[in-house]
Amino acid sequence: MRLAIDVMGGDQGPHAIIAGSAKAAVEHPGLQLTLFGPRQRIIAEISRLPQPLAAAASRLVPCDAPDSITPSTSAAWALRNGHSTSMVHMLRSVAQGEAAAGVSAGNTAALVALARRELGMIEGISRPAISTAIPARQGRRCYLLDLGANVDSPAHRLVDFALMGAAMAQCIDGTVMPRVALLNVGAEATKGSASVREADRLLREYASTSHGAFDYQGYAEGGDLFKGQFDVVVCDGFVGNAVLKASEGLTSMLVERVQMAFESRLSGRLASLLAKPVLKRLKKELDPVRYNGASLLGLRGIVVKSHGSTHADGFYYAIQRALQEVEHNLPARIAGRWQASGSDLNGAS
């Protein structure tokens, strides 16, 4: 299998992305990664890989893309002038069938706009949505979308997100009837923006049909995300991005505080040594790095967006996300689910 990698997208530079790619290649012997960016710089970074990552060097293929899209680049500029950038080369490799999926840590707005142009959308879906899984109680996880592709979403787009999120939960987690909710400021019917209330009406009408692809549960509040009661929670990109970043920051702070509390006194330090395995497991389970890699749903191909600030381990998990979606043929599953259920949703509107 071959994946396409945008080497120039991350805040940490090519080193972190190439190291994360090498780690994935070591773990998956049948995986080949095409690395798009300045060829000589890629070759230099590959030559500096430590053992055992260097063992995967032969399956890291440099492909020259002299230009890059910076974090401050606008989507409009990228669409007009980004033809020779590493991001566009990566996306075209996916669009042309040379790679099964693409991964980038680059500018989100540019990636969404360029992916929509280069790969196209599944018929009936107007715009992509960014989704990732967040940890919940009892070892469960919840898919949250949108996370920033659509800052302000009308009701019909929130309904699209519900269907795509449900397809994600079905494909990746095997959830037969995903429990879907709309994120709102309260559970009362009168609360929330006009678009959220209208989306609630449409989803309730859809859920009353006999062909529902998911179990619509109504409104969810912010604290409900982590209770394990929902498989998918839908919101616009502004809210979703803020919730995700706040959750990641809170998780890091809590793990840090627990460690500090143990180490603050001599008895605490002794307890810390005894509790070290438990703390290590807690940190591993909640570490936002493990959940790095957000899916661009609704495209005709697979594109995964990594955090721009990610290090090698985080980018490795983004590649793992892409491999999962390739394994489950996610775009085809979403398209099939849309054809089966989209007419019912449109009828509800």
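Residues numbered from 1 in each chain as written. Predicted model: local features only at pLDDT ≥ 70, side-chain atom pairs only at ≥ 80, totals over all residues. Heavy atoms only, no water.

Where an unreviewed UniProt entry is consulted, the protein chain appears under the name Phosphate acyltransferase, with the organism given as Vreelandella neptunia. Here the protein chain is described in UniProt, under the heading Function (unreviewed entry), as follows: "Catalyzes the reversible formation of acyl-phosphate (acyl-PO(4)) from acyl-[acyl-carrier-protein] (acyl-ACP). This enzyme utilizes acyl-ACP as fatty acyl donor, but not acyl-CoA." Under the UniProt heading Pathway (unreviewed entry), the entry covering the protein chain gives this text: "Lipid metabolism; phospholipid metabolism." (UniProt positions renumbered as here; feature names shortened; annotations may be inferred.)

Novice: It is not clear to me how the sheet that holds strand β6 (residues 141-145) should be interpreted in this structure. Could you clarify?
Specialist: Sheets are built from strands paired through backbone hydrogen bonds, the pairs being either parallel or antiparallel. Spatially, the 11 strands line up as an open sheet ordered β3-β2-β1-β4-β11-β10-β5-β6-β9-β7-β8, and their pairing is mixed. Since the sheet does not close on itself, it has two edges, and those belong to β3 (60-64) and β8 (215-220), each with one partner. Averaged over all pairs of adjacent strands, the angle between strand axes in this sheet comes to 25°, irrespective of strand direction. By the bridge criterion, 4 bridges tie strand β7 (residues 179-183) to β8 in an arrangement that is parallel. The residue of β8 that forms the bridge with Leu 183 is Ala 220. (Pairing = 2+ DSSP bridges. Helix = DSSP H or I, 4+ residues; strand = E, 2+ residues; numbered from the N terminus. Axes fitted to C-alpha atoms, helices over the stretch in contact; angles between N-to-C directions.)

Novice: Just to check I follow, could you spell out the pairing of strand β4 (residues 101-104) for this structure?
Specialist: Look at any regular strand and the pattern is simple: side chains alternate between the two faces of the sheet. Of the two faces of β4, the one holding Ala 101 and Val 103 and the one holding Gly 102 and Ser 104 are both buried throughout. Here strand β1 (residues 2-6) pairs with β4 via 4 bridges, running parallel. Bridge pairing in β4 places Ala 4 opposite Gly 102. By the bridge criterion, 3 bridges tie β4 to strand β11 (residues 303-305) in an arrangement that is parallel. Opposite Ser 104, over in β11, you have Lys 305 as the bridge partner. (Buried < 20%, exposed > 50% of the residue type's maximum accessible area, 1.4 Å probe, protein only.)

Novice: How should I be thinking about the packing of aromatic side chains in this particular structure?
Specialist: Aromatic ring pairs are reported here in terms of the distance separating the ring centres and the angle at which the planes meet. Within the structure shown, the criterion is met by 2 aromatic pairs. With a centroid separation of 5.1 Å and an interplanar angle of 70°, the aromatic rings of Tyr 316 and Tyr 317 are classed as edge-to-face. Residue Tyr 316 is classed as buried on the basis of its relative accessible area of 6%. Above the face of the Tyr 316 ring, Lys 23 is positioned so that its terminal group lies 4.5 Å from the ring centre. (Phe/Tyr/Trp six-rings, centres within 6.5 Å; stacked < 30°, edge-to-face > 60°. Lys NZ or Arg CZ within 6 Å of the ring centre and 35° of its normal.)

Novice: Just to check I follow, could you spell out the packing of helix α1 (residues 14-27) against helix α2 (residues 39-47) for this structure?
Specialist: The relative placement of two packed helices is expressed as an angle between their axes plus a distance between the axes. In contact at an axis separation of 10 Å, α1 and α2 are set at 60° when each is read in the N-to-C sense. As far as their axial angle goes, α2 and α1 are oblique. The crossing of α1 and α2 is right-handed. For the pair α1 and α2, the contacting residues are Pro 14, His 15 and Ile 18 in the first and Arg 41, Ile 42, Glu 45 and Ile 46 in the second. Taken together, the residues of the contact of α1 with α2 sort by class into 4 nonpolar, 1 polar and 2 charged. (Parallel < 35°, antiparallel > 145°, perpendicular 65-115°, else oblique. Left-handed = near helix turned anticlockwise from the far one by under 90°. Contact = heavy atoms within 4.5 Å. Nonpolar A, V, L, I, M, F, W, Y, C, P; charged D, E, K, R; others polar.)

Novice: Would you take a moment to explain the environment of Glu 205 for this structure?
Specialist: Mapped onto the elements, Glu 205 comes out in helix α7 (residues 194-207). With 11 residues separating them in the primary sequence, Glu 205 and Tyr 216 have C-alpha atoms 9.9 Å apart. A polar side-chain atom of Glu 205 sits 2.4 Å from a polar atom in the side chain of Arg 201. (Polar contact = N/O pair within 3.5 Å; in protein donor to acceptor, adjacent residues only side chain to side chain.)

Novice: Is there a simple way to explain the pattern of salt bridges in this structure?
Specialist: Should the charged atoms of two oppositely charged side chains come close, the side chains can pair. Enumeration according to the criterion identifies 11 salt bridges in this entry. A salt bridge links Glu 45 to Arg 48, with the nearest nitrogen and oxygen atoms 3.3 Å apart. When its relative accessible area of 11% is taken as the criterion, Glu 45 is described as buried. For Arg 48, a relative accessible area of 54% corresponds to the exposed category. The salt bridge partner of Asp 173 is Arg 141, with a shortest N-O separation of 2.6 Å. Within this pair, whereas Asp 173 is found in helix α6 (residues 155-173), its partner Arg 141 is found in strand β6, the two being separated by 32 residues in sequence. (Salt bridge = Lys/Arg side-chain N within 4 Å of Asp/Glu carboxyl O.)

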